[in-house]
Every structure is written in structure tokens, then in C-alpha cells.
Amino acid sequence: MTAIPSRSSDSRRLFPHIEYLFSLQPTRMKLGLENVAALFELVGSPQRAFPSILVAGTNGKGSVTTWITSILRRAGLRTGTFYSPHLFRVNERIRLDGAEIPSPELDRLVGLLGTHRREAPFTFFEGLTAAAALWFREKGVDAAVFEVGLGGRLDATKLVEPAVCVVTGIARDHGEHLGRTRRAILGEKLGIVRQGAPLVAELPTKKLREQAARRCLELGAPFHDARIEARTWSARSRIDGMTFLLETPVRGYGRVETRMIGDPQVRNAAVAVRTVEVFRPRTGARAIREGLAVARFPARFQVLSGRPRFVLDASHNEQSLLASLRTLRGMADPGRTVILFGVMSNKELGRFPHAARGAAREIVLVPLPGPRGANADQLAGMFGPDTGGGARVRHARGMRDAFARLGRIAREDDTILLLGSHVLIEEAVAYI
């Protein structure tokens, strides 16, 4: 069982350039590459100083990024990693061999970028992407893994020049920016593909796989269908990890182990392995097996010790939420389960509210702070009227009230799933 992610004091108050960076966060998304392209050029195109892997997808990209990083480190490579988003500290987004960038270093890099803001004004995400590339160049990394923020075609990470591209999966999310169909969303994700760089893709339907293969053919990029090239079977889960059998065109790995659990994580791990094989064919079986076994990623169905048992899961769209419920059912009886849920107001939950009612005894809905968080009325609208079947749905006024309610309704042998937005996890951990 893994520990609660650590929460430290907010470094923004101590470092003025980090404070400035947070002032750039918009209330609406900004998509486009002109300004950030100019910014990269002004600081000497640091993204060209090292080989990179670029990971896009609706769900699973953070886990895939983590596993790729872990395997490369076990193979002896000095590895930089860029994540989006963070849980508690912006420093979490930029890492060297797993360690977060120190606040003084991040502040210095943002200050350097800020000297160019008249010529190339940048957003919060663009500034972090550029700071990551600068730091990785300074540290002389052997490889870097970049998690795409949103989409791909117009995301700042597209300016990275990847040796390998990855698309981890496609589901409906961020429809206002990426389109309302899976084909449209995949089209945006495939914007990261470029000539000569292989694409490793984990796509759920034949039509989507054919779409990706056509795009790769047009660009002269080798296409690797992970569904065919990385076979997995005989998965066995437990509270603190899972095992499964894995075979690729390179070798049969036999039964491998990972600390990250859940049905989708089997395929995410397979994608990570196949990506490393394509990126660095000489990577040994031992590095791959050990890299899978030791990797951790907070708030991805993360089970905490204690009674009642808390589980943290930052799933926030229909597909990932339903997958979380399937994993939950495998480890806890609905009669001994409580779900605490909060999400952003723009999320389309689809079948999740109905499925959640059948997976728990009680559901506590929590409004989230900020202009984008779903308020009490919006959450009530998402779940609809209480029909009397399945879980009882309670409405909290905020996180403090939600945990007060948990104190009254939770039993010692219950499993309490904290589910939804990263914001919910950040707010809730202070009360556990």
C-alpha cells in the first residue's frame, strides 16, 4: 500500500517568477503554437538537445509516461519527465530521474523565459513546457518523456521533436476543444505524429486503428499497433499490485508485476513496454521487468493503508470513471463502499452516475472551488433525481462538510473511493 502524496507549502509565495507564472493561467483554454514556437527559438531550441518520447491520449498517458520513465531509468538512462497536470505542487510536472525540479531552479528558468515575454508572450502551460526543455538540456538528459497536455495538434509539447510518439487511447473528453466524436479527437491527437518518428498506438476500434495507420503512411512514420504487438493475458489483481503475462515481438516476458492496479493499467503497461522497445531496442528484459515493478503514480487508483481504507483516483471522464468502478468492484463489496465524488463542470459523465449507484452504499457529491468546478446544482443535475435504487446520494456543501458526513456514515471496514478531478484529490488529502 502506498502513502498519501505529500503536500508542502505553496512555493509561489516564496518565488516571484513562479507567482508570475500562475498569474498566466487563463479561465479559458488557449490553443495555438505561434508564441511558444517563438519562445523556444529565443532560448536556443532546447528541445532539440535530447531524444524524446511524446505521449498523447485521452486516458492513461500519465501512467504510460511513468512506466516509460521508470524503465529507461532502470536501463541506466538519465531521464527527464514532463507531466500535466500536477496534484499539489507545480514542481511535480518537471522531474529528473524521478525527482521534482527544486523551486529555486524553476523560478530561475521562468525568470529567464520572462525576459522574452514581450517578443513571445506565453501561457502557464507553455512556460512550463519551455522550462522543462531548458532544464533537461542543462542537466544533459539521455532521454525525455513529455506528456501532452490537451489534444496534440495545437499543444505546446508538439514542439518537442520526438523519436517516438504514443497515443494511449481515445475517449470523449474536452469536446469543446477536440471535437465530439472519437475520430475527431483522434485527429487532434495524431497531430503529434511527424515524418520518420514511429507511432505506438493503443486504439479501441478497427476504424480508429485504420485512421492512425493512414496518417502514419501519409507522413512516412512507422505505425505500431499495440493491440497486436503487445499481448497481455491472465491478469491477477490484489490491493497492492497486479501481475499479468506479457509478450511482444521482441520477447516473451512471462509474468510481470506492477504496483499500479486496474484493468486499464494492464494495457497501459504493455504500451509503455512496446514504446521502450521501439525507442531503445537494446533495452534488456531485466530493466523492463524492474521498471514495471517499481513505478508509482499517485492518485491512479492509489490504495492507502488504514481503516477505513481510502482509495485516491483522479479519473474524470466517462471511460476512466467506469473503469475505476470495475476495479472497485473487484476489491470491495458495494455494501461496504462509499464514493466521494467531485468534477469539473464541463465533464460529460454518460453512464457513470447510474453505474456508481450500483457500486456503493453511499455517494457524497462535493462541489469544487473555482470557476470551473461543478457546483452543487450542477452535480445534482449530472446525477439526476434519487430514484431510490442503489446507493444513497448525499450532497455536501464543501470538502469539510463532506468529511464530516463521511465521519458519520463510514464504517471501519469500508472502502472510501475519492474519485474525480485532480482538484478533488488535492482538497481531500488534507482531511484524511
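Please read all numbers here as calculations on a predicted model, not as lab measurements.

What should I look at first to understand the sheet that holds strand β14 (residues 337–342) in this one?
The strands making up a sheet associate through backbone hydrogen bonding, with each pair oriented either parallel or antiparallel. The six strands are arranged β12-β13-β17-β14-β15-β16 in an open sheet whose pairing can be described as mixed. The strands lining the two open edges of the sheet, one partner per strand, are β12 (302–303) and β16 (392–395). Sheet topology note: the strand β15 (residues 362–365)/β16 ladder contains four bridges and is parallel. Note on β16: the bridge partner recorded for Leu-365 is His-395. Packing against the sheet, helix α12 (residues 318–331) makes contact with β12, β13 (309–313), β14 and β17 (415–420), and its axis sits at approximately 170° to β17.

Mind showing me how you'd approach the pattern of salt bridges here?
Opposite charge on two side chains permits pairing when their charged atoms draw close. Following the criterion strictly, the structure yields 24 salt bridges and no others. Here Glu-138 ties to Arg-108 by a salt bridge, and the two come within 2.8 Å at their closest N and O atoms. Taken as a pair, Glu-138 in helix α5 (residues 124–139) and Arg-108 in helix α4 (residues 103–114) lie far apart in primary sequence, 30 residues in all. One salt bridge in this structure joins Glu-412 and Arg-307, with 3.2 Å as the shortest N-O distance. Of the two residues, Glu-412 sits in the loop between α15 (399–409) and β17 while Arg-307 sits in the loop between β12 and β13, which places them 105 residues apart along the sequence. Take Arg-307: its relative accessible area is 59%, and that puts it in the exposed class. Each of Arg-89, Glu-92, Arg-95 and Glu-100 takes part in one network of salt bridges that share partners.

Teacher, can you tell me more about the environment of Val-193 here?
Positionally, Val-193 belongs in the loop between α7 (182–189) and β7 (199–201). On the basis of relative accessible area, Val-193 is assigned to the buried category, the value being 6%. Val-193 sits 22 residues away from Arg-215 along the chain, and the two C-alpha atoms are 8.2 Å apart. Excluding anything up to four places from it in sequence, Val-193 contacts Cys-165, Leu-199, Cys-216, Leu-219 and Ala-221.

Any chance you could explain the environment of Ile-192 here in plain terms?
Relative to the assigned elements, Ile-192 resides in the loop between α7 and β7. For the pair formed by Ile-192 and Ala-396, sequence separation is 204 residues and the distance between their alpha carbons is 41 Å. Excluding residues that lie within four positions of it along the chain, Ile-192 makes contacts with Leu-54, Ala-56, Val-148, Gly-152, Cys-165 and Val-166.

What is the right way to look at the nonpolar core in this model?
Nonpolar side chains tend toward joint burial in soluble globular proteins. If you look at the biggest cluster of nonpolar residues, it comprises 63 residues, and the most contacted ones within it are Ile-53, Ile-68, Leu-72, Ile-339, Phe-341, Phe-352 and Ile-363. Top contributing element to this core by residue count: helix α10 (residues 263–279), with nine residues. The residues touching Phe-352, leaving out its near neighbours within four places in the chain, are Leu-321, Leu-322, Leu-325, Phe-341, Phe-383 and Leu-419. Judged by nonpolar contacts, the second largest core, of 56 residues, contains Val-43, Ala-132, Phe-146 and Ile-192.

What exactly am I supposed to notice about helix α3 (residues 61–74) here?
An α-helical turn contains 3.6 residues, so a residue and the one three or four places further along point in the same direction. The end-to-end C-alpha separation of α3 is 20 Å, in line with the 20 Å expected for 14 residues at 1.5 Å each. Of all 14 residues making up α3, twelve are buried, and the element is well covered by its neighbours. Among the residues making up α3, those that are buried are Lys-61, Gly-62, Ser-63, Val-64, Thr-65, Thr-66, Trp-67, Ile-68, Thr-69, Ser-70, Ile-71 and Leu-72. Just downstream of α3 lies Gly-76, where phi reads positive at about 95°.

What am I meant to see in the sheet that holds strand β11 (residues 252–258) here?
Sheet architecture is open: three strands sit in the order β9-β10-β11, paired in antiparallel fashion. Unpaired on one side and paired on the other, β9 (231–238) and β11 mark the two borders of the sheet. Across the sheet, the mean angle separating the axes of adjacent strands is 15° when strand polarity is ignored. Pairing analysis gives six bridges linking β9 to strand β10 (residues 241–247), with the strands arranged antiparallel.

What am I meant to see in the packing of helix α1 (residues 16–23) against α4 here?
How two helices sit against one another is set out by the angle between their axes and by the gap between those axes. At their nearest, the axes of α1 and α4 sit 7 Å apart, and the two run at 65° to each other. Every pair of crossing elements has a handedness; the one defined by α1 and α4 is left-handed. On α4, the residues that touch Pro-16, His-17, Ile-18 and Leu-21 of α1 are Ser-103, Leu-106, Asp-107, Val-110 and Gly-111. Here the residues of the contact of α1 with α4 sort into five nonpolar, three polar and one charged.

What am I meant to see in α1 here?
Within α1 the residues assigned to the buried category are Ile-18, Leu-21 and Phe-22. Seen end-on, α1 carries its buried residues on one side only, within an arc spanning 95°. Opposite the buried face of α1, at more than 90 degrees from it, the exposed residues are Pro-16 and Ser-23. On its buried face, α1 is in contact with α4 and α5.

About the cut-offs
Residues numbered from 1 in each chain as written. Predicted model: local features only at pLDDT ≥ 70, side-chain atom pairs only at ≥ 80, totals over all residues. Heavy atoms only, no water. Pairing = 2+ DSSP bridges. Helix = DSSP H or I, 4+ residues; strand = E, 2+ residues; numbered from the N terminus. Contact = heavy atoms within 4.5 Å. Axes fitted to C-alpha atoms, helices over the stretch in contact; angles between N-to-C directions. Salt bridge = Lys/Arg side-chain N within 4 Å of Asp/Glu carboxyl O. Buried < 20%, exposed > 50% of the residue type's maximum accessible area, 1.4 Å probe, protein only. Core = buried A, V, L, I, M, F, W, Y, C linked by side-chain atoms within 4.5 Å. Expected span 1.5 Å × (residues − 1). Left-handed = near helix turned anticlockwise from the far one by under 90°. Nonpolar A, V, L, I, M, F, W, Y, C, P; charged D, E, K, R; others polar. Arc of directions from axis to C-beta.

Purely geometric stuff here, so don't read any function into it on its own.
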